[in-house]
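Coordinate analysis (summary)
One letter stands for each residue in the lines below.
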Amino acid sequence: MAKRRVGILISGRGSNMAALIEAARAPDYPAEIVLVVSNVPDAAGLAFAALRGVPTVVVNHKNFANRETFADALDAKLRAAKVEIVCLAGFMRLLATPFVERWRGRMINIHPSLLPAFKGLNTHARALDAGAKTHGCTVHYVEPELDSGPVILQAEVPVLPGDDEATLAARVLKEEHRLYPAALRLVAEGRDKS
Ligand code: GAR
């Protein structure tokens, strides 16, 4: 079966993007990464993608008057690359609703919490403040409302005595790198039950 064409949107480090690129190198993986788009010109992830031979492009949100025109520019890049599935991987801009609607069912995100707990930012600090016993990460379909949308996969980690934001974030991130390729595989094969 033909591999599904995937575009990844990033804003920074790109470690989840790297996990997807590495997974997609396996001959039996059902998706290929055909484009990485960053809204931040010096995002570290861009260099890694280029090193692996994945085409990259910067669409700097600062060059656009509003969310709609920025999203239109993203859309144009994704369409030009014939992208079928969009993966948000540490992409830190809110996307305009028409863009989200257009990609509904074909755009997924990884979030560093067990949704619906801790939507938004600073999830690890908030989990610690709340005295959570478990924490984790979620891959879900993107809907206009922030960090909502059907869950595809979740991974749970314990919150351990003595944890701080950094130790907890590292434990979750390790799971993110395993979870995102597994979730994209399900979506690309049309096997997710969401
Ligand atoms: C990841 O932990 C991801 O789950 C989170 O940002 C980090 C990006 O790291 N995403 C969000 O908070 C989205 N709201 P990465 O650039 O190394 O993948």
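Above this text you will find the structure in question.
All of these numbers come straight from a predicted model, not from anything done at the bench. Every chain's residues receive numbers from 1 upward, in the order its sequence appears when written. Where local features are concerned, this predicted model is filtered to residues with pLDDT of at least 70; where side-chain atom pairs are given and counted, the filter is 80 or more; whole-chain, interface and lining totals use all residues. Side-chain metrics in this entry use all non-hydrogen atoms of the structure; hydrogen atoms and water are not considered.

1. Some points on the side chain of S148
Relative to the helices and strands, S148 resides in the loop between β6 (134–141) and β7 (151–158). Since its relative accessible area comes to 13%, S148 is described here as buried. Any pair of N or O atoms that falls within 3.5 Å is considered a polar contact. Within protein, one atom must be able to donate a hydrogen and the other to accept it, and sequence-neighbouring residues count only if both atoms are side-chain atoms. Engagement of the side chain of S148 in a polar contact is seen with the backbone oxygen of E145, the distance being 2.7 Å. Setting aside residues no more than four positions away along its own chain, S148 makes contact with K119, H140, Y141 and E143. Helix and strand labels come from DSSP, where a helix needs a run of H or I of at least four residues and a strand needs a run of E of at least two; each type is numbered from the N terminus. Accessible area is worked out with a 1.4 Å probe on protein chains only. A residue is then buried under 20% of its type maximum, exposed over 50%, and partly exposed in between. A contact between two residues is defined here by any heavy atoms of the two lying within 4.5 Å.

2. A closer look at the site of the ligand
To be near a molecule or strand, a residue needs just one of its heavy atoms within 4 Å of it. Taken together, R13, G14, S15, N16, G90, M92, I110, H111, P112, L173 and E176 make up the full set of residues adjacent to the ligand. Within the side chain of R13, one N or O atom sits 2.6 Å away from an oxygen atom of the ligand. One of the side-chain N or O atoms of E176 is found 2.7 Å from an oxygen atom in the ligand. Only the protein chains shown count as cover for residues, with accessible areas throughout obtained via the Shrake-Rupley method and a probe of 1.4 Å. Contact with the protein chains covers 87% of the free accessible surface of the ligand, which is 450 Å². When atoms are counted within 2 Å of each cavity's grid points, the one that captures over half of the ligand is the largest pocket. Grid spacing is 1 Å over the protein atoms alone, the probe is 1.4 Å, and a cavity is where that probe fits but cannot get out, while a pocket is an open set with protein on both sides within 12 Å along at least five of seven lines and lining residues have an atom within 4 Å of a point. A pocket or cavity is taken to hold a molecule when more than half of that molecule's atoms are within 2 Å of the pocket's grid points.

3. What about the layout of surface pockets?
Grid points are joined across faces, edges and corners, and a volume is the space filled by probe spheres set on the points. A volume near 1000 Å³ is recorded for the largest pocket. For the largest pocket, the lining is made up of 36 residues, of which G90, F91, M92, I110 and P112 are closest to its centre. Taken together, the elements giving at least two residues each to the lining of the largest pocket come down to α1 (15–23), α4 (97–102), β5 (107–111), α5 (123–129) and α6 (165–188). If one sorts the elements of the lining of the largest pocket by residue count, α6 sits on top with 4 residues.

4. Description of unusual backbone geometry
Of the consecutive residues L115 and P116, the connecting peptide bond is found in the cis state with omega at 15 degrees. Turning to its location among the elements, P116 is positioned in the loop between β5 and α5. One non-glycine residue with positive phi stands out, namely F118, at about 55 degrees. One non-glycine residue, D147, lies in the positive phi region at around 55 degrees. One can find D147 in the loop between β6 and β7.

5. Concerning the sheet that holds strand β3 (residues 56–58)
Hydrogen bonds between backbone atoms are what pair the strands of a sheet, whose relative direction is either parallel or antiparallel. Two strands are counted as paired when DSSP detects at least two bridges linking them. The 7 strands lie next to each other as β3-β2-β1-β4-β5-β6-β7, forming an open sheet whose pairing is mixed. Each having just a single partner strand, β3 and β7 make up the two edges of the open sheet. Pairs of neighbouring strands in the sheet enclose a mean axial angle of 20 degrees, with direction left out of account. Both strand β1 (residues 4–10) and strand β4 (residues 85–88) contribute to a ladder of 4 bridges, which runs parallel. What sits directly across from I8, in β4, is C87. Under this scheme, a helix contributes an axis fitted over its contacting stretch, all axes are lines through C-alpha atoms, and angles between N-to-C directions fall in the 0 to 180 degree range. Set on the sheet, helix α2 (residues 44–51) makes contact with β1, β2 (31–38) and β3; between it and β3 the angle comes to about 155 degrees. Across the face of the sheet, α6 comes into contact with β1, β2, β4, β5, β6 and β7 while running at roughly 155 degrees to β7.

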